Amino acid sequence: MDDHHDLFRPRGLHGVDHRIVSALRACGADPRVAGAARALSWAGEHGAVWVAAGLAGAVVDRPRRGAWLRGTALTAGAHAVSSLVKRVVRRPRPAHVEPLVGTVGRHSFPSSHATSAAAAAVAFGTLGARAVPPLAAAVCVSRLVAGVHYPSDVAAGAALGALTARLGARWMKGGTA
């Protein structure tokens, strides 16, 4: 600890979170990466891309319209739950990197983008929407590249979203909850 700089370097999980955000945010120095991160962050705002995908699925796949609509409701519900958890936990967003995007709120745990993305990946993935899981993963990573979440925020959000969709899977398919 002779290095004065080490006195201010976070340790443990918090330190790992900081280092990963710093490394991924540095990737955003490439204008193409920054543009993709901004676009994915914008699309995932309030789960908009997932609601649109669910509604499109309901229109296109008439025999499973109810399942698509219930999957959309699960995804929106997961997003709402993550917003409530944020209000309780109140973890500040990373302050050690310059964000690429603005945010609706100042709290970061859990990532609501990751919550709705994972919920959509699980819910719509069970309906055969193969493009949703990789797009959901890209939305999750975009929040790190944008510098607005720690990896633990994204991991917790993804776990919350996947769990919500998994718990609602029977209801989504038309059974009772």
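Above: the structure in question.
Scoring rules and cut-offs
- Residues numbered from 1 in each chain as written.
- Predicted model: local features only at pLDDT ≥ 70, side-chain atom pairs only at ≥ 80, totals over all residues.
- Heavy atoms only, no water.
- Helix = DSSP H or I, 4+ residues; strand = E, 2+ residues; numbered from the N terminus.
- Rg over C-alpha atoms; globule rule 2.2 N^0.38 Å.
- Buried < 20%, exposed > 50% of the residue type's maximum accessible area, 1.4 Å probe, protein only.
- Salt bridge = Lys/Arg side-chain N within 4 Å of Asp/Glu carboxyl O.
- Expected span 1.5 Å × (residues − 1).
- Phe/Tyr/Trp six-rings, centres within 6.5 Å; stacked < 30°, edge-to-face > 60°.
- Axes fitted to C-alpha atoms, helices over the stretch in contact; angles between N-to-C directions.
- Parallel < 35°, antiparallel > 145°, perpendicular 65-115°, else oblique.
- Contact = heavy atoms within 4.5 Å.
- Nonpolar A, V, L, I, M, F, W, Y, C, P; charged D, E, K, R; others polar.

A few words on the overall build of the protein chain. Tallying secondary structure elements over the protein chain gives 8 helices and 0 strands in all. Along the protein chain, helices (α) and strands (β) appear in the sequence α-α-α-α-α-α-α-α when read from the amino end. For 177 residues, the compact-globule estimate of 2.2 N^0.38 gives 16 Å, and the protein chain sits close to it at 17 Å. By principal-axis analysis of the C-alpha atoms, the protein chain measures approximately 65 × 35 × 25 Å. Classification of the 177 residues of the protein chain by burial places 42% in the buried group.

This part covers the pattern of salt bridges. A full pass over the atoms with the stated rule returns 3 salt bridges. Across the pair Arg-91 and Asp-153 runs a salt bridge whose closest N-O atoms are separated by 2.8 Å. Taken together, the residues Arg-91 in the loop between α4 (65-89) and α5 (112-125) and Asp-153 in helix α7 (residues 151-167) connect sequence positions 62 residues apart. Taken as a pair, Arg-91 and Asp-153 share a single burial class, namely buried.

Moving on: α7. Across its 17 residues, α7 extends 24 Å between first and last C-alpha, which sits within 8% of the 24 Å expected from 1.5 Å per residue. Within the sequence span of α7, burial applies to Pro-151, Ser-152, Asp-153, Val-154, Gly-157, Gly-161, Thr-164 and Ala-165.

We now examine the packing of aromatic side chains. For the coordinates displayed, the defined rule picks out 1 aromatic pair. Each ring, one from Trp-68 and one from Phe-124, has its centre 5.2 Å from the other, and the planes form 35°; the classification is tilted. Linking Trp-68 in helix α4 with Phe-124 in helix α5, this pair joins segments that are 56 residues apart in sequence. One exposure class covers both Trp-68 and Phe-124, and it is buried.

Okay, the packing of helix α3 (residues 48-60) against α4 next. α4 packs onto α3 with a crossing angle of 170° between their chain directions and a minimal axis gap of 7 Å. Compared by their axis directions, α3 and α4 come out roughly antiparallel. The residues of α4 that touch α3, namely those facing Trp-50, Val-51, Ala-53, Gly-54, Leu-55, Gly-57, Ala-58 and Val-59, are Arg-65, Trp-68, Leu-69, Thr-72 and Thr-75. Taken together, the residues that form the contact of α3 with α4 break down as 8 nonpolar, 4 polar and 1 charged.

In short, shape yes, function no, at least from these values alone.
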